[in-house]
Amino acid sequence: MRRNSSKMIRLPLEGVAVGDLGPPLKWAGGKRWLVPRLRELLSAVDFERLVEPFVGGLAVALGLRPHKALLRDANPHLINFYKWLKRGLDLTGLGIQLTNDTSIFYQNRERFNALARSGKIECAEAAALFYYLNRTAFNGLCRFNRRGEFNVPFGRYSTIAYRTDFREYKNAFSNFTFETGDFQDMAPSGGDLVYADPPYDVQFTSYSANGFSWEDQVRLAKWLSGLSVPVLASNQATDRVLDLYQRLGFSIETLNAPRRISCTGDRSEALEILAHIRLR
């Protein structure tokens, strides 16, 4: 691993607060632990709107609490869930069993996939089922096959604390805009700050039906380097990711990150990069 041109930072990994309201989902690669370092880097940066092409678990937006935010993701089910939270989602009365039970899990998973197959992914029921699957599936993973079906198996949790009332997110999301689409269709402008946390450069790339290839990683890095606004980006610290961002002129830090959720159950620390450009 090449580290000679990057700065190694060690951050506290436990008990990091991210504002008054925490992320509503379990999320592989979530950035709750990174928020304090982002705050340090952005202490002298004036920006009005946070732009995230890969909003994921929402830890950064909730942690930084920008005046406004444009939050995009390639996963339409995730964005639908957030849009319903913005409307004050309440699962009471939707008729969904929030139970940590194998048979109920596979019934709910099939119902969710049936809604997806029929194109009914923007309803409150789909949002509630997505939340249930996120809390109940193995290791909190979010994985889809090429047909766009959620295919993570039942989890191994002894107990799960399900939430039914999300109305307190309504005010927090009042100036947040959620949308689905490719990052390259976004057009950040003056007053914006971009934070990009794409699917990592690892073997698992089935976060959405279309995946995220190495060609997409290169396309993203080049797009970020060509913007005229401050940019930060996270990724797995593989050799080729380090080389890519270094060649494009980014300043790079390497950080030991907690591996809170993984496909194997491994909870060891993982080396990640935090690349940034035009912060001053």
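Scroll up a little and you will see the structure.
Below is a short write-up of the structure. Because the structure is a prediction, the values reported are computed rather than measured.

## Considerations on the overall build of the protein
Looking only at helices and strands, the protein features eight helices and eight strands. Buried positions account for 54% of the 280 residues belonging to the protein. Summarising the internal contacts of the protein: among those between residues at least 6 apart in sequence, 73% fall at separations of at least 24. Just so you have it, the protein exposes about 12900 Å², and 46% of that area is on carbon and sulfur atoms.

## Considering the packing of helix H3 (residues 76-86) against helix H5 (residues 124-136)
Running from N to C, H3 and H5 point in directions that differ by 110 degrees, and their axes come no closer than 9 Å. On the basis of the axis angle, H3 is roughly perpendicular to H5. Across the interface between the two elements, His77, Leu78, Asn80, Phe81 and Trp84 of H3 pack against Ala124, Ala126, Ala127, Phe130 and Tyr131 of H5. Split into classes, the residues belonging to the contact of H3 with H5 amount to eight nonpolar, two polar and no charged.

## A look at unusual backbone geometry
Of note, the phi angle at Arg65 is positive, near 50 degrees, even though the residue is not glycine. Positive phi values are uncommon outside glycine, yet Arg278 reaches one of about 60 degrees. Of the residues examined, Arg278 reaches a relative accessible area of 26% and is grouped as partly exposed.

## Points about the nonpolar core
Core analysis: the biggest nonpolar cluster contains 63 residues, and Leu58, Phe81, Leu89, Phe173 and Leu232 have the highest contact counts within it. Per element, the largest residue contribution to this core is nine residues, and it comes from H5. Not counting residues within four places of it along the chain, the set of residues in contact with Leu58 comprises Pro24, Leu71, Tyr82, Phe173 and Phe178. By size, the runner-up hydrophobic cluster in this structure holds 28 residues, among which are Leu220, Val231, Ile273 and Ala275.

Cut-offs applied
- Residues numbered from 1 in each chain as written.
- Predicted model: local features only at pLDDT ≥ 70, side-chain atom pairs only at ≥ 80, totals over all residues.
- Heavy atoms only, no water.
- Helix = DSSP H or I, 4+ residues; strand = E, 2+ residues; numbered from the N terminus.
- Buried < 20%, exposed > 50% of the residue type's maximum accessible area, 1.4 Å probe, protein only.
- Contact = heavy atoms within 4.5 Å.
- Areas by Shrake-Rupley, 256 points an atom, 1.4 Å probe, with all protein chains shown as cover.
- Axes fitted to C-alpha atoms, helices over the stretch in contact; angles between N-to-C directions.
- Parallel < 35°, antiparallel > 145°, perpendicular 65-115°, else oblique.
- Nonpolar A, V, L, I, M, F, W, Y, C, P; charged D, E, K, R; others polar.
- Core = buried A, V, L, I, M, F, W, Y, C linked by side-chain atoms within 4.5 Å.

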